[in-house]
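Each chain is listed here by its residues.
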Amino acid sequence: NAGVTQTPKFRILKIGQSMTLQCAQDMNHNYMYWYRQDPGMGLKLIYYSVGAGITDKGEVPNGYNVSRSTTEDFPLRLELAAPSQTSVYFCASNPAGNTEAFFGQGTRLTVV
Amino acid sequence: TQLLEQSPQFLSIQEGENLTVYCNSSSVFSSLQWYRQEPGEGPVLLVTVVTGGEVKKLKRLTFQFGDARKDSSLHITAAQTGDTGLYLCAGEEGANAGKSTFGDGTTLTVKP
């Protein structure tokens, strides 16, 4: 049972570079989320999606973009990476709101 | 402004002691969830509370949802070193379906 799979696990980017963090789930969940977590802190919602073709901004969307062309995949795009985007990124999914969210293992991103 | 305020931010206790951590908001939530996160891992759901005034028990952990559904508490009896971790509350405001946000968490350290 794969659950939520995130790739890559680690990445170092130079300032101004761009990259896509991949997230895939095999549970046929409608809802998917991207969070970032800074050291010792909670999770900040970047973007979320309640179904294929639908995305919405969370608390901290600036500097990021997402797409949801399929139920399974929810990639997060960073354009023009900045040091402030150094963080651990978690993708999550659940079948509907207010239900248990299943998290990936996280992507640790460093921007230098 | 943090939608969900957790307190205390850090808590260090001896094994065998009892503790309570809190999750407060000025908003009404249709439900609140408590997660536990270990270093290097994604959060894992402990419980979901749905009804105002609800109390749920999970072994030595007792969760309570406030009558007005704006706050929740987690009480641990006779803490063990294995309880060490980051405890997060999360909720979805009724008006924002799918927008699930987290508090900043309580970092609990249980010393032997």
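Description of the structure in this document. (Residues numbered from 1 in each chain as written. Chains lettered and ligands numbered in written order. Predicted model: local features only at pLDDT ≥ 70, side-chain atom pairs only at ≥ 80, totals over all residues. Heavy atoms only, no water.)

Turning next to the interface of chain A and chain B. You'll often see interface size given as the accessible area lost when the parts meet. Listed as interface residues are 24 residues of chain A and, on the opposing side, 24 residues of chain B. In this assembly, chain A packs against chain B so that about 1900 Å² is buried in total across both faces, 47% of it on carbon and sulfur atoms. By the criterion of area lost to chain B, the three top residues of chain A are A:Leu43, A:Asn98 and A:Phe103, representing 28% of everything that side buries. At the surface where chain A touches chain B, the tally comes to 1 salt bridge. At the surface where chain A touches chain B, the tally comes to 6 residue pairs in polar contact (both at pLDDT 80 or more). Considering every element that reaches the side of chain A that touches chain B, the biggest residue donor is strand 5 (residues 43–51) of chain A, with 5 residues. (Contact = heavy atoms within 4.5 Å. Buried area = accessible area lost by both parts, 1.4 Å probe. Salt bridge = Lys/Arg side-chain N within 4 Å of Asp/Glu carboxyl O. Polar contact = N/O pair within 3.5 Å; in protein donor to acceptor, adjacent residues only side chain to side chain. Helix = DSSP H or I, 4+ residues; strand = E, 2+ residues; numbered from the N terminus.)

In this structure, the largest pocket spans a volume of roughly 550 Å³. A:Gln37, A:Val88, A:Arg108, B:Pro39 and B:Gly40 are, among the 27 residues lining the largest pocket, the residues nearest its centre. When contributions to the lining of the largest pocket are tallied by element, the ones reaching two or more residues are strand 9 (87–94) and strand 11 (107–111) of chain A together with strand 9 (85–93) and strand 11 (106–111) of chain B. Lining the second largest pocket are 15 residues, with B:Arg36, B:Gly42, B:Pro43, B:Val44 and B:Leu45 positioned closest to its centre. At the level of elements, strand 10 (102–103) of chain A together with strand 4 (29–37) and strand 5 (44–49) of chain B are the ones that each hand at least two residues to the lining of the second largest pocket. Of the residues in the lining of the second largest pocket, the class split is 7 nonpolar, 4 polar and 4 charged. (1 Å grid on protein atoms, 1.4 Å probe; cavity = no way out; pocket = protein on both sides within 12 Å on 5 of 7 lines; lining within 4 Å. Points joined across faces, edges and corners; volume = space filled by probe spheres on them. Nonpolar A, V, L, I, M, F, W, Y, C, P; charged D, E, K, R; others polar.)

All names here are of chain B. Across the sheet, 5 strands lie side by side as 1-3-8-7-6; this open sheet has antiparallel pairing. Sheet topology places strand 1 (5–7) and strand 6 (55–58) at the edges, where each strand pairs with a single neighbour. When strand polarity is set aside, the average angle formed by the axes of neighbouring strands in this sheet is 15°. (Pairing = 2+ DSSP bridges. Axes fitted to C-alpha atoms, helices over the stretch in contact; angles between N-to-C directions.)

The final tally for this structure, using the stated rule, is 2 disulfides over all chains. Covalent S-S linkage joins A:Cys23 and A:Cys91, the inter-sulfur distance amounting to 1.8 Å. When the S-S torsion is -70°, as for the bridge of A:Cys23 with A:Cys91, the disulfide is left-handed. Remark: A:Cys91 occurs in strand 9 and A:Cys23 occurs in strand 3 (residues 19–25); sequence separation between them is 68 residues. Of the two residues, A:Cys23 and A:Cys91, neither departs from the other in class, the shared state being buried. A sulfur-sulfur distance of 2.0 Å marks the disulfide that ties B:Cys23 to B:Cys89. One quick way to see it: the torsion about the S-S bond of B:Cys23 and B:Cys89 is about 75°, and its sign makes the bridge right-handed. With a gap of 66 residues between them, B:Cys23 in strand 3 (residues 19–24) and B:Cys89 in strand 9 connect regions that are remote in the sequence. Classification of B:Cys23 as buried rests on a relative accessible area of 0%. On the basis of relative accessible area, B:Cys89 is assigned to the buried category, the value being 0%. (Disulfide = S-S within 2.5 Å. Buried < 20%, exposed > 50% of the residue type's maximum accessible area, 1.4 Å probe, protein only.)

Attention now moves to the nonpolar core. In terms of nonpolar packing, the biggest core is built from 20 residues, with B:Leu19, B:Leu32, B:Trp34, B:Phe63, B:Leu74, B:Ile76 and B:Leu108 touching the most fellow members. Of all elements in the fold, only strand 3, strand 4, strand 5, strand 7 (61–65), strand 8 (71–76), strand 9 and strand 11 of chain B reach the threshold of two or more residues within this core. By size, the runner-up hydrophobic cluster in this structure holds 19 residues, among which are A:Met19, A:Ile46, A:Val66 and A:Phe74. (Core = buried A, V, L, I, M, F, W, Y, C linked by side-chain atoms within 4.5 Å.)

Residues and elements named next belong to chain A. Pairing in this open sheet of 4 strands is antiparallel, and the strands run 1-3-8-7 from one edge to the other. Two strands bound the open sheet, and with one partner strand each, they are strand 1 (4–7) and strand 7 (64–66). Between one strand and the next, the sheet's axes are offset by a mean angle of 20°, whatever the strand orientation. Bridge count between strand 7 and strand 8 (residues 76–78): 3 bridges; the pairing is antiparallel. What sits directly across from asparagine 65, in strand 8, is arginine 77.

Interpretation in functional terms is not warranted from these geometric data alone.
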